[in-house]
Structures are given as structure tokens and as C-alpha cells.
Amino acid sequence: MSSITIKASADQAKTWTGDGLAIAIFEQTEFTLPKALKELDQQILAETLQELITEAKFKGEANSSVQARVGGKSQIRKVLLIGLGKAEKPNLDIWRKASAQATKWANQNNCHTLAIDFPLFNQDQAVTSQAIAEGILLSSHKDQRFKSKPDQSKSDQPGNEPSLNLVTLLNSAPELAEPGITSAQKICRGVVLARELVSAPANLVTPQTLADTAQAIASEYSHCMQVQILEKEECEKLGMGAFLGVSQASDLPPKFIHLTYRSGNEPRSKLAIVGKGLTFDSGGLNIKAGAGSSIELMKIDMGGSAAALGAAIAIAQIQPQSLEVHFIIAACENMISAKAMHPGDILTASNGKTIEVNNTDAEGRLTLADALIYADKLKLDAIVDLATLTGACIVALGETIGGMWSTSAELAQAINTAAESAGEKFWQMPLEDSYFDQLKSVVADCKNTGSRSGGAITGALFLKQFISETPAWAHLDIAGPVWTDKENSYNNAGGTGFPVRTLVNLITGYAS
Ligand code: BES
Ligand code: MN
Ligand code: ZN
């Protein structure tokens, strides 16, 4: 994880000494500096700020910024002014984005120390400092594990590690701001774990690796985490024919992973997070062929399980009370060999339902069927599954918005609230029962795919069949947002760790 130290200090910009000062300000029609900054500008910065503001006609508009080097022997070497846009309806993500921008700027300018002088969100120091710290930690995580030499990209000093090692949040009451920073560190460890699992290729992240990761979380946090790994034989005994059908062409054995968080006291709520864990999806005999099939990207098909494990490691550190949370992953590869499923094969899931596999590339829902049946038996209040399930969801919502389907308006609302403060986006989609006609089979209880139209919805409807006891279920299709080709706000290119932060907010919400 990042070697950046973040601390809260009661210092004002005027009394701080260091390399870079980043100031964020809301938009104003007649732009004037707040009193403290005006004093700083006149006494220390030789009116550099005022000059910048006048010269650039800076008004604090969203996505605007100005910067300068401070001359002479000033106690501050460089300043950056960031516009936050209008103050009326601020969204917490603005703080993450601004602190990420400040962090990148500091590294580009070879700053070792950075001071952050931002206004508060909702007058709440803990929430504000958490968002700022998340922006710092997430933007400075750059995955260099598979480079033989460090990258020489524009955001770093040539050939060097990023320069920044200490960030100070100014104007803070440490007893209010430090808990926010600590929460950010716990959550970002989870986000980074998810990113690194998604970014690593399928020759390095296998079903065994996912099992090992769960095992490592359980050993590090043995006071609240327990793990059980079901091997192929045990899955056979449980009748998990849908999951095992998908795994059968691979040389790598499937692993059914069940990691459980228990706070010491009697749980008031019991939840499950079920993550799709295809460490590679070739498509099977319905192979992903031709341009646009993205077969080379299909290492990301364990993004749901990566987010589940990321949330688990964050929850283990946060230790929310009165909760029991089950993290469940049916991990395997979808490969091709003489042992592969034939298109048209009929599989029997662990609840006895028979499924005609009319497309071997709709494999995630087959593995999830057995994982959902298993979770549904645990007498839970809610189950949330996360899956890179369909290309259709990317067509519908694009690359940064996840699809959400739910049998409970309350759970859907809780997910929306959790996502909103996390700065992650979901859009609720319909569980249109009449579309289930597409999944009717001549020979079996159902088929695994319908027509192209509404493909993300029929995926959700397929999964819904395997929940019968649990009062609230949500399916999150995260095929788009788990990966980004280009760096954006606080994600560098690669795995994004979506939606670990939403999951953490959702889970901790059940504890309060
Ligand atoms: N893993 C894919 C979905 C996917 C596509 C994830 C692109 C990330 C990026 C899934 O297993 C799949 O192949 N879905 C099929 C379903 C179809 C056969 C009904 C799809 O989306 O084409
Ligand atoms: Mn597939
Ligand atoms: Zn898949």
C-alpha cells in the first residue's frame, strides 16, 4: 500500500511550512479570497494568489485550477488553487477528486510535503477528511508489480518513485479528522486489494489464489474472520452441478470460498456478499471470438469476488458491531477442452433445478446459481451479489455505472445511499418478469440465456430463481466499472476496486 502519511493539524496555511499548498474554493461570481487566505497571500506569498486569480479570471468553477511557484525564500514553494464549483449542492466526491488532483500535482512538482486547505463538506470534519484521504490514497496507488522497471509516466518524477510522502490536512481538529483518515486507510486497503486482484492476469490469479487470499484475511483477522474452502468433491456432494459444469474443462480445480465475519456480540443483521469469481472466461465452446469479444480482458471476470474480498478486509479492520457477514465465492475458470460442457448440455443446480446451457459463455450465472442457493440457506436478512455478468449492461449504462436489480425497495435504497457517499454509481433496472419467457426451455426447467435484447435483465431474472428464503436480494452487474483503460479522477488505469467502498458503506449501515 502507499507509503504516504496523512495527518490532521490545527495549523493554518499561514503557519505551515513545506513544498506544496493546495487550496480548494467554491465558485463565486465576484471572487474574493477568504480572510485567512488573504492574510497568507499578503504576508507570505507576495500576493501570488491574487495575481493568479486576476490573471486567469479564476472564479472557483468546477474543474478549473491555477498554480504557481512562489518566489523568494517563502516557507511554501508552490501553490495550487482548485475550483470546487457551486456550493449549493456539493457532492462528497468533489473532495476525493480535488485531493486526488492535489496529490498528482504534488508528485509532478517533486513535492515531498503537501498541505490541503479545503472547506468542509456538511460541516463534518470526519466525513470530509475521510473523502480527502481516500482521494490521496486511491490516486497514489499505481500498480507496478509487473513492470521490470518503474514506469516513467507524466505523473511521476522521471524514473523515480512518486515524491510525496507527507500530506497535512490544515484547519483540522485532530480528534475529529483523524478517525476519518483512519477509516479511509482501512477502506482503501480493501480497494487496493480488489484492484490488484483484478489487474493481475489469469496465470497469476487462479481459483487457488482467491482461496489463499480469503485464507490470509482469516488468519490476519482470526478474532473476527473464519474461512471454509469447499473442494470439488464437497461441491459434488452438495450437488453443485451448475458451478461444476462451468469448471469442468479447466486444469485448475474449482474452489468454493466461504469467509465469515462475526462481531463478538449477538448479530442484529445477517448478510451475504456473493461475488462472481471467474478467474478467466474464454467463453467455453461458445468461445469469445473476433474483435470486440475482449477475450484478452477476461481476467477481470473475477471482479465481483475481488470486491467481496476487498470489502471483507476493510470490514475486518473496521469491526462493525452486531453483524454477521458471509463472503461467498464460487471460483473457477471457464475453459475449453475435451471435457468442456457442450452447448445444449443440461446441468442440475444444488436445489434440483435443471438448466439447459444454450450458451457456455453465460457461465457466471451458472456459478452464481449454486453460490446463491448456498447463501439462501443461511437464514439471512439480505444477499447482495456482484458480478461482471453481461456485456449488455455495459451497452445499457456505459463503463462507469453499475446495474442494480433488487427484490426489496429498502435494500435498493440502502445501496443507492451507500453508493452516493462512496462516489460510485449504480442505476436501478427492472426485474421485468415477463422477460422470463426468453429463458424457458423445451427440455429443462430453464435455459441460461435469452435473446440479445434486455440481456442484462434476463441475466438478473435467471439469478432471481435461486433465491427463495431470503427477504431481500440485490444483483449488481459491474461488468463495466471494474476496469478502466485510462486513468480517471482517482483511479489509475487498470482495476478500479469498484464497488468496495459502496459495499463497506452498505455493510456498516446495517450495524448502526
Ligand atoms: N464475463 C462476461 C461478461 C463481460 C463482458 C464482462 C465484457 C466484462 C466485460 C460474461 O460471462 C458473458 O460472457 N456474458 C455474455 C452473456 C451472453 C452469452 C448472454 C455476454 O455479455 O455476451
Ligand atoms: Mn462469459
Ligand atoms: Zn463471464
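Residues numbered from 1 in each chain as written. Chains lettered and ligands numbered in written order. Predicted model: local features only at pLDDT ≥ 70, side-chain atom pairs only at ≥ 80, totals over all residues. Heavy atoms only, no water.

Examining the overall build of the protein chain
Within the protein chain, the regular secondary structure consists of 14 helices and 19 strands. Its C-alpha radius of gyration of 25 Å places the protein chain within 12% of the 24 Å reference for a compact globule of 512 residues. Across its three principal axes, the protein chain shows a C-alpha extent of roughly 80 × 50 × 45 Å. Buried residues in the protein chain amount to 57% of all 512 residues. Within the protein chain, contacts between residues separated by at least 24 positions form 78% of all contacts whose residues are at least 6 apart in sequence. With 44 positive and 55 negative side-chain charges, the protein chain shows a spacing of 3 Å between the two charge centroids. (Helix = DSSP H or I, 4+ residues; strand = E, 2+ residues; numbered from the N terminus. Rg over C-alpha atoms; globule rule 2.2 N^0.38 Å. Buried < 20%, exposed > 50% of the residue type's maximum accessible area, 1.4 Å probe, protein only. Contact = heavy atoms within 4.5 Å. Lys, Arg positive; Asp, Glu negative; His and termini not counted. Charge placed at Lys NZ, Arg CZ, Asp CG, Glu CD.)

Some details on the coordination of the zinc ion (ligand 3)
Bound to the zinc ion (ligand 3) are the protein donor atoms Lys276 (NZ), Asp281 (OD), Asp301 (OD) and Glu363 (OE), situated 1.9 to 2.4 Å from the metal. With six donor atoms in place around the zinc ion (ligand 3) and angles of 78 to 173 degrees between them, the coordination shape is octahedral. Summarised as a motif, the one-chain spacing of the donors to the zinc ion (ligand 3) is K-x4-D-x19-D-x61-E. The distance between the zinc ion (ligand 3) and the manganese ion (ligand 2) comes to 3.2 Å, and Asp281 binds to both of them. (Donors = N, O, S within 2.8 Å, 3.2 Å for Na, K, Ca; no water. Tetrahedral: all angles 85-135°; square planar, octahedral: opposite > 155°, others 65-115°.)

As for the coordination of the manganese ion (ligand 2)
Distances from the manganese ion (ligand 2) to its protein donors, Asp281 (OD), Asp361 (O), Asp361 (OD) and Glu363 (OE), fall at 2.1 to 2.2 Å. Geometry at the manganese ion (ligand 2) is irregular, judged from the six donor atoms that bind it and their angles of 71 to 166 degrees at the metal. Sequence spacing of the donors to the manganese ion (ligand 2): D-x79-D-x1-E.

Considerations on the packing of helix α6 (residues 207-220) against helix α9 (residues 303-318)
At a minimum axis distance of 10 Å, the contact between α6 and α9 shows a crossing angle of 10 degrees. As judged from the angle between their axes, α6 and α9 are roughly parallel. Here Leu210, Thr213, Ala214 and Ile217 of α6 come into contact with α9, specifically with Ser305, Leu309 and Ile313. Tallied by class, the residues present in the contact of α6 with α9 amount to five nonpolar, two polar and no charged. (Axes fitted to C-alpha atoms, helices over the stretch in contact; angles between N-to-C directions. Parallel < 35°, antiparallel > 145°, perpendicular 65-115°, else oblique. Nonpolar A, V, L, I, M, F, W, Y, C, P; charged D, E, K, R; others polar.)

A few points about the packing of helix α10 (residues 364-376) against helix α13 (residues 455-464)
Helix packing geometry: the angle between the two helix axes and the distance between the axes. In contact at an axis separation of 9 Å, α10 and α13 are set at 30 degrees when each is read in the N-to-C sense. Considering the angle they form, α10 stands roughly parallel to α13. Crossing of α10 against α13: the hand is right-handed. For the pair formed by α10 and α13, the contact residues are Arg365, Leu366, Leu368, Ala369 and Leu372 on the first element and Gly455, Thr458, Gly459, Phe462 and Leu463 on the second. Looking at side-chain class alone, the contact of α10 with α13 contains six nonpolar, three polar and one charged residues. (Left-handed = near helix turned anticlockwise from the far one by under 90°.)

Re the packing of aromatic side chains
Here the structure, examined in full by the defined rule, presents seven aromatic pairs. Judged by centre distance (5.3 Å) and plane angle (75 degrees), the ring pair of Phe31 and Phe58 falls under edge-to-face. Remark: Phe58 occurs in the loop between α2 (48-56) and β3 (65-69) and Phe31 occurs in the loop between β2 (18-25) and α1 (35-43); sequence separation between them is 27 residues. Among the residues examined, Phe58 registers a relative accessible area of 5% and is labelled buried. Residues Trp95 and Phe121 carry aromatic rings whose centres are separated by 5.4 Å and whose planes lie at 75 degrees to one another, so their mutual orientation is edge-to-face. Of the two residues, Trp95 is situated in helix α3 (residues 93-108) and Phe121 in the loop between β5 (113-117) and α4 (125-139); the sequence distance between them amounts to 26 residues. Under the relative-accessibility criterion, Trp95 is labelled buried at 0%. What links up through ring pairs into an aromatic cluster is the set Phe26, Trp95 and Phe121. (Phe/Tyr/Trp six-rings, centres within 6.5 Å; stacked < 30°, edge-to-face > 60°.)

Considering the sheet that holds strand β10 (residues 323-334)
Ordered in space as β7-β8-β10-β9-β13-β17-β14-β15, the eight strands form an open sheet in which the pairing is mixed. Each end of this open sheet is capped by a strand with a single partner; those strands are β7 (225-230) and β15 (425-428). When the angles between neighbouring strand axes are averaged without regard to direction, this sheet yields 20 degrees. The strands that α6 touches are β7, β8 (255-262), β9 (269-281) and β10; relative to β8, the one it contacts most, it runs at about 20 degrees. (Pairing = 2+ DSSP bridges.)

Considerations on the site of ligand 1
In the neighbourhood of ligand 1, 17 residues make up the surrounding shell, with Lys288, Asp301, Asp361, Glu363 and Gly391 lying closest. Here an oxygen atom of ligand 1 sits 3.2 Å away from a polar atom, N or O, in the side chain of Lys276. Surface burial for ligand 1 is 80%, taken as the share of its 520 Å² of free accessible area covered by protein chains. Of all the secondary-structure elements, those providing two or more residues to the shell around ligand 1 are β9 and α11 (391-397). Partitioning the shell around ligand 1 into residue classes produces five nonpolar, five polar and seven charged. (Near = heavy atom within 4 Å. Polar contact = N/O pair within 3.5 Å; in protein donor to acceptor, adjacent residues only side chain to side chain. Areas by Shrake-Rupley, 256 points an atom, 1.4 Å probe, with all protein chains shown as cover.)

Quick notes on the pairing of strand β4 (residues 76-83)
Of all the eight residues making up β4, seven are buried; the element is thus mostly covered by neighbouring parts of the structure. Both β2 and β4 contribute to a ladder of seven bridges, which runs parallel. Residue pairing for β4: Ile23 is matched across the bridge by Leu81. Pairing analysis gives five bridges linking β3 to β4, with the strands arranged antiparallel. Within β4, the residue paired with Gln67 across the bridge is Leu80.

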